[in-house]
Amino acid sequence: MPPTRTGPPFRAHSIKDGPFVCTACHATTPRWVGRCPGCGTWNALERSAPSPTRRPATGGPVPGPGALPLRDVGSDLARLQSTGVSELDRVLGGGVVGGSVTLLFGPPGIGKSTLLFQVLSAVAAGGADVLLASAEESLAQVRGRAVRLGDVPPQLLALEGPDVAAIEAAIGHNRPALAVVDSLQSIADPALTQPAGSLAQVRACVERLTRLAKTEGVPILLVGHVTKDGDLAGPRAVEHLVDTVLSFDGDRHHALRVLTSVKHRFGATGEVGIFEMRDDGLRAVPDPGPLMLGDRMAGVPGSVVVPVLQGRRPLLVEVQALLGPGGSGGGSGTPRPQALGLDAARANLLLAVLACRTVMGAVLGKPPPEFFVAAVGGISVTEPASDLAVALAMASVADGRPIPADLVAFGELGLAGEVRMVPGVDRRLAEARRAGFTRALVPASTPCDSVPKGLLVEGVRTLADALHALWRTPVGETCPGTMPGWSTVAAAASR
Ligand code: TYD
Ligand code: MG
């Protein structure tokens, strides 16, 4: 008679599931039995590693310890949750993934806290608990901002203070649907001697929060600051530790804000979200056209619109050029342009191409005027695709002739004056058409199938071709010559 058994009931085991190992004496048996044949303990056998002779039904390799057929593993994307902010969801490919860590970085004052507060409010308004760990601002300050942004749902919990352990405890205890930590440079691990914001602190805190996010399955959004001249002890140094890195940028003097994904483990990078900063918070801008071009004065020399790509999203930006009264080049040579929202060195190179490779050389020769070029609307344009537009804007203002208001232009310029192909031609042209433009000057190698209906597209091989296509009459012939000491081509040629 076996002894009367106490403890938990027998578990059901298939005898095919072996081998089994005794948890008391580590003896193995090929099949499950109620009492260990080695030490006699009852109900102590646990299944060990799978039988080496068993092959998966699908015919794949026999997985060793720790390895699994990948197709049997569930996808992280199954745990995707909307942030309640459409432009952020767009950038993230639908929302945040449970257990993921996202770093939102940008210069101080750009609106990071505002954006993430709006995310917390939106998720909380949907009925889920969310948590804000504010290390940078007091809760009274946070509440002050919240008043501007609307109601505060009761599901929004907030915690003040820099101690990362306290933040961990709050997240672990409340298990919120989403947690925001604001900011990375203000939290600290008290066990370390370095100050908050030092590289050691930033790294240690991100590591701790990443571990916590994974174990609790809570998505954590971290705020990180960067300074204009670099990255402090900061966001760039921890990019590899987090799942997603988002950049939030814009010109603080303008309302437009651009959200871009720099790294994204769960989807494509290059998606861009556009917001407008208003008195009552950030508003998603699905169509930035009116905001960017709304105040444009058409018909003024020196203005041209270029469709640029922000990530994969086309955006129409007005490029302007202006001539100042005096020379900035010391009285000889080609003037050096000053640039706002554009690369000054590149603008200088484009001016040289304009002077050396087109008839504009005669106009630009003497005296050297002072050139200003700008991308207006609060967007910095660094794409080479804007070269043609910048050069045309300078030619237009130098020659005193406006560029047709319904025209866009794009293409990279080489030093030989050639107009080179750029990526995303179809998206640029489609956006121009959608916004009501009817003419486009583009690289001659643009494929015909990227041209939308209703847009007259002229392929140009060189910058000189582009000037001719613009005005059809030689440069200088209609120059009003109102600038003191300013010469037209004809006048310059007769000297
Ligand atoms: P904030 O989110 O605090 O910036 P960050 O966290 O990136 O440092 O907001 C920055 C600026 O935005 C602040 O100077 C005021 C302005 N702002 C508005 O214009 N409208 C608003 O509704 C809010 C909340 C802020
Ligand atoms: Mg802030």
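Per chain, the residues get numbers from 1 upward, laid out in the order the sequence is written. For naming, the first written chain is A and the first written ligand is 1, with later ones following in the order written. Per-residue local features are limited, in this predicted model, to residues with pLDDT of at least 70; the limit for side-chain atom pairs, both in listing and counting, is 80 or more; totals at the level of whole chains, interfaces and linings are taken over all residues. Only hydrogens and water are set aside; all other atoms, that is, all heavy atoms of the structure, feed into the side-chain values.

### Section: the overall build of the chain
Secondary structure assignment for the chain yields 13 helices and 23 strands. Whether two residues are in contact is decided by their heavy atoms: any pair within 4.5 Å suffices. A separation of at least 24 residues holds for 65% of the contacts in the chain among residues at least 6 apart in sequence. Only the protein chains shown count as cover for residues, and all accessible areas are computed by the Shrake-Rupley method using a 1.4 Å probe. For the chain, the exposed surface amounts to about 23,100 Å²; the carbon and sulfur share of it is 56%. A run of H or I in DSSP counts as a helix once it spans at least four residues, and a run of E counts as a strand once it spans at least two, with each numbered from the N terminus.

### Remarks on the packing of aromatic side chains
Ring pairs shown here join Phe, Tyr and Trp side chains whose ring centres sit within 6.5 Å, with only the six-membered ring taken for Trp; geometry is labelled stacked below 30 degrees between planes, edge-to-face above 60, and tilted in between. Per the counting criterion, the structure on display carries one aromatic pair. Centroid distance Phe-248 to Phe-275: 5.9 Å. Interplanar angle 85°. Geometry classified as edge-to-face. With Phe-248 in strand 11 (residues 244-250) and Phe-275 in strand 13 (residues 272-278), this residue pair connects regions lying 27 residues apart in the sequence. Only protein chains enter the calculation, and the probe is 1.4 Å; a residue is then buried if its accessible area is under 20% of its type maximum, exposed if over 50%, and partly exposed in between. Since its relative accessible area comes to 0%, Phe-248 is described here as buried. Sitting over a ring, as applied to charges here, requires NZ of Lys or CZ of Arg to be within 6 Å of the ring centre and within 35 degrees of the ring normal. Between Arg-428 and the ring centre of Phe-410, over which it is positioned, the NZ or CZ distance is 5.7 Å.

### Overview of the site of ligand 1
Around ligand 1, the structure places 16 residues, and the nearest of them are Gly-109, Ser-113, Thr-114, Arg-278 and Gly-281. We call two N or O atoms a polar contact when they sit within 3.5 Å, provided that within protein one can donate a hydrogen and the other can accept it, with sequence-adjacent residues counted only if both atoms are side-chain atoms. In this structure, an oxygen atom belonging to ligand 1 sits 2.7 Å away from a side-chain N or O atom of Ser-113. Coverage of ligand 1 by the protein amounts to 76% of the 550 Å² it exposes when considered alone. Those elements giving two or more residues to the shell around ligand 1 turn out to be helix 2 (112-125), helix 3 (139-149) and strand 13. Side-chain classes follow a simple rule in which Ala, Val, Leu, Ile, Met, Phe, Trp, Tyr, Cys and Pro form the nonpolar group, Asp, Glu, Lys and Arg form the charged group, and the remainder, Gly included, forms the polar group. Broken down by class, the residue content of the shell around ligand 1 amounts to five nonpolar, five polar and six charged. Put simply, a residue is near a molecule or strand once any heavy atom of it comes within 4 Å of that molecule or strand.

### Considerations on the pairing of strand 14 (residues 281-284)
Pairs of strands are assigned from DSSP output, requiring at least two bridges between the strands. Across four bridges, the pairing between strand 13 and strand 14 is antiparallel. If you follow Phe-275 over to strand 14, its bridge partner there is Ala-284. Turn length for the strand 13-strand 14 hairpin, with the two strands adjacent in sequence and antiparallel, is two residues.

### Re the pattern of salt bridges
The working definition used for a salt bridge is a side-chain nitrogen of Lys or Arg within 4 Å of a carboxyl oxygen of Asp or Glu. Applying the stated criterion across every chain, the model contains 21 salt bridges. Linking Asp-280 and Arg-283 is a salt bridge whose minimum nitrogen-to-oxygen distance equals 3.6 Å. Since its relative accessible area comes to 41%, Asp-280 is described here as partly exposed. The shortest N-O distance in the salt bridge between Arg-434 and Glu-431 comes to 3.1 Å. With Arg-434 and Glu-431 both in helix 11 (residues 425-434) and three residues apart, this pair spans about one turn of that helix. Since its relative accessible area comes to 51%, Arg-434 is described here as exposed. Residues joined in a network through salt bridges with shared partners are Glu-276, Arg-278, Asp-280 and Arg-283.

### A word on the environment of Leu-103
Within the secondary structure layout, Leu-103 lies in strand 6 (residues 101-106). For Leu-103, a relative accessible area of 0% corresponds to the buried category. Sequence spacing of Leu-103 and Val-245 is 142 residues, and the spatial spacing of their C-alpha atoms is 4.8 Å.

On their own, these measurements won't tell you what the molecule is for.
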